[in-house]
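Structure at a glance
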Amino acid sequence: MNYSVLILTYREENPLYLEQCLESMFTQTILSDDIVLVCDGGLTAEMYSVIQAYKLKYPDIFRALYLDKNYGTAYASNYGIKKCRNELIIKMDSDDIAKPYRCEKQIKVFEEDASVGICGGYISEFDSSTGKEISVKKVPLFYNEILKYSKRRNPINNPTLAFKKSCADEIGGYKNLSRCEDYEFICRMLANGVKAVNIPEILVEYRTTQDNYNRRRNWKNTSSFLKVRWSNYKKGYCNFLDFLIPAAMQFFMFLMPVKFTETVYRYILRK
């Protein structure tokens, strides 16, 4: 089965992280015939250098698409989805590292069950400054469990997301939100009847920095979090308690110091 890889990057990305991400995708046990990098706005000279090196090395399968300005995750994702040549799309964050078997294992899921439209897996979160593993974020494995879990939290680890292009097209792709667009995208796919499964293995090494925790507790993230979950409740996707519990938790973390937020994400929300 042929598949496309969709990677988003932006000016603030560390060139070394981008290089590690690309290398992990170009050394998969089953190599994609269509690796698409969407550059959301202008990049640094160092990033252009990294991209050019891979374009020269893999001219037939690697495409770098440049947007004239920074449009945000939703627009860049939708643009990339349209440009992908294959039905199966495997997403990748430009600062993460895929396990070499990631794509092979996800392809196998889609090949063995044609009814599956979304596939994810576990991630290993590591400290960017030390390289040490912090935690393993596990998610529910089976469709019914995923549906239940999605009422309150994202049942798919976004760095491991693989999906069918046709399923994304049916719901109109990503909505233009300031935050939580990934969770909202998954909920609309599930609400549309798309079957999802997770693989009980670590597929991606997810890089964490202090900025991750700062973003999770700022008001922009919190307000978008509340809006998405309120929208789910109003549409009947979840009940009021499913809205209230995560909303109250998110608002509480917004009020707490960053260190508290870090502890919650590392030791409570990873259970």
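You'll find the structure just up there.
Summarised in this report is the structure supplied together with it. Throughout this document, residue positions are counted from 1 along each chain, in the order its sequence is written. Residues qualify for local features only when their pLDDT is at least 70, as the model is predicted, and side-chain atom pairs are given and counted only at 80 or more; totals for whole chains, interfaces and linings, by contrast, use all residues. Based on all heavy atoms of the structure, the side-chain values leave hydrogens and waters out of the count.

1. Remarks on the packing of helix α1 (residues 15-26) against helix α2 (residues 45-57)
Lines fitted to C-alpha atoms define the axes, with helix axes restricted to the stretch in contact, and inter-axis angles between N-to-C directions lie between 0 and 180 degrees. Counting from the N terminus, the helices are the DSSP runs of H or I reaching at least four residues and the strands are the DSSP runs of E reaching at least two. Contact geometry for α1 and α2: axes closest at 9 Å, N-to-C directions at 15 degrees. Between α1 and α2, the angle falls in the class roughly parallel. Once α1 is placed against α2, the crossing between them reads as right-handed. Judged by residue contacts, P15, L18, E19, L22, E23 and F26 of α1 engage E46, M47, V50, I51 and Y54 from α2. Within the contact of α1 with α2, the residues separate by chemical class into 8 nonpolar, no polar and 3 charged. By the definition adopted for this analysis, an angle is roughly parallel if under 35 degrees, roughly antiparallel if over 145, roughly perpendicular if from 65 to 115, and oblique otherwise. The hand of a helix crossing depends on one turn: near helix anticlockwise from the far one by less than a right angle means left-handed, and clockwise means right-handed. Contacts are assigned to residue pairs with any non-hydrogen atoms lying within 4.5 Å of each other. Ten residues, namely Ala, Val, Leu, Ile, Met, Phe, Trp, Tyr, Cys and Pro, are considered nonpolar, four, namely Asp, Glu, Lys and Arg, are considered charged, and the remaining ones, Gly among them, are considered polar.

2. Points about α2
Helices are assigned an expected span. That span is 1.5 Å times one less than the residue count. End to end, α2 covers 19 Å across 13 residues, agreeing with the expected 18 Å (1.5 Å per residue, within 8%). Using a 1.4 Å probe on the protein chains alone, a residue whose accessible area is under 20% of its type maximum counts as buried, one over 50% counts as exposed, and one in between counts as partly exposed. For α2, the full list of buried residues reads M47, V50, I51 and Y54. The buried residues of α2 all sit within an arc of 95 degrees when viewed along its axis, so they share a single face. Projecting away from the buried face of α2 at angles above 90 degrees are the exposed residues A45 and L56. Our arc is simply the arc of the directions from the helix axis toward the C-beta atoms.

3. Observations regarding the environment of E170
As for its placement among the helices and strands, E170 is situated in helix α6 (residues 165-170). Take E170: its relative accessible area is 59%, and that puts it in the exposed class. Spatially, the C-alpha atom of E170 lies 8.6 Å from that of M189, the residues being 19 residues apart in sequence. Here N192 takes part through its side chain, which lies 3.3 Å from a polar atom of the side chain of E170. Residues adjacent in sequence count toward polar contacts only when both atoms are side-chain atoms; beyond that, a polar contact is any pair of N or O atoms within 3.5 Å, and within protein one must be able to donate a hydrogen and the other to accept it.

4. Here's the deal with the state of the cysteines
Throughout, disulfides are identified as pairs of cysteine sulfur atoms within 2.5 Å of each other. This model, assessed by the stated rule, comprises 0 disulfides. Here C180 is not disulfide-linked; the sulfur of C187 is the nearest cysteine sulfur, at 10 Å. Residue class for C180 comes out buried when judged on its relative accessible area of 17%. Sulfur of C238: no disulfide; nearest cysteine sulfur belongs to C187 and is 8.0 Å away. C238 sits in the buried class, given a relative accessible area of 9%.

5. Some thoughts on the packing of helix α5 (residues 143-150) against helix α7 (residues 181-191)
Axis separation between α5 and α7 bottoms out at 11 Å; the angle between their running directions is 130 degrees. If you check the angle between α5 and α7, you find them oblique. The interaxial crossing formed by α5 with α7 has left-handed handedness. Facing α5, whose interface residues are Y143, I146, L147 and S150, α7 presents Y183, C187 and L190.

6. A closer look at the pairing of strand β1 (residues 4-9)
Across the 6 residues of β1, 6 count as buried, placing the element largely inside the fold. Side chains S4, L6 and L8 project from β1 onto one buried face, and the interleaved V5, I7 and T9 project onto a second face that is buried too. Sheet topology note: the β1/strand β2 (residues 34-39) ladder contains 6 bridges and is parallel. Looking at β2, one finds that L6 is bridged to V36. Whether a crossover is right-handed depends on one test, that the path from the first strand over the helix to the second runs clockwise when the strands point away from the viewer. Handedness of the crossover joining β1 and β2 through α1 is recorded here as right-handed. Pairs of strands are assigned from DSSP output, requiring at least two bridges between the strands. Note that β1 and strand β4 (residues 88-93) share 5 bridges and pair parallel. Paired with L8 across the bridge in β4 is D93.

7. Details of the packing of aromatic side chains
Pairing of aromatic side chains requires ring centres within 6.5 Å, counting the rings of Phe and Tyr and the six-membered ring of Trp. Pairs whose planes differ by under 30 degrees are stacked, by over 60 edge-to-face, and all others tilted. Applying the stated criterion across every chain yields a total of 13 aromatic pairs. Between the aromatic rings of F26 and Y54, the centroid separation amounts to 5.3 Å while the plane-to-plane angle is 20 degrees, which identifies the pairing as stacked. Of this pair, F26 sits in helix α1 while Y54 sits in helix α2, placing them 28 residues apart in sequence. When sorted by exposure, F26 lands in the same class as Y54, which is buried. Of the residues examined, F26 reaches a relative accessible area of 5% and is grouped as buried. A network of ring pairs unites the aromatic residues F26, Y54, Y58 and F62 as a single cluster. Above the plane of the ring of F225 lies R229, whose end atom (NZ or CZ) is 3.4 Å from the centre. For a Lys NZ or an Arg CZ to count as sitting over a ring, it must be within 6 Å of the ring centre and within 35 degrees of the ring normal.

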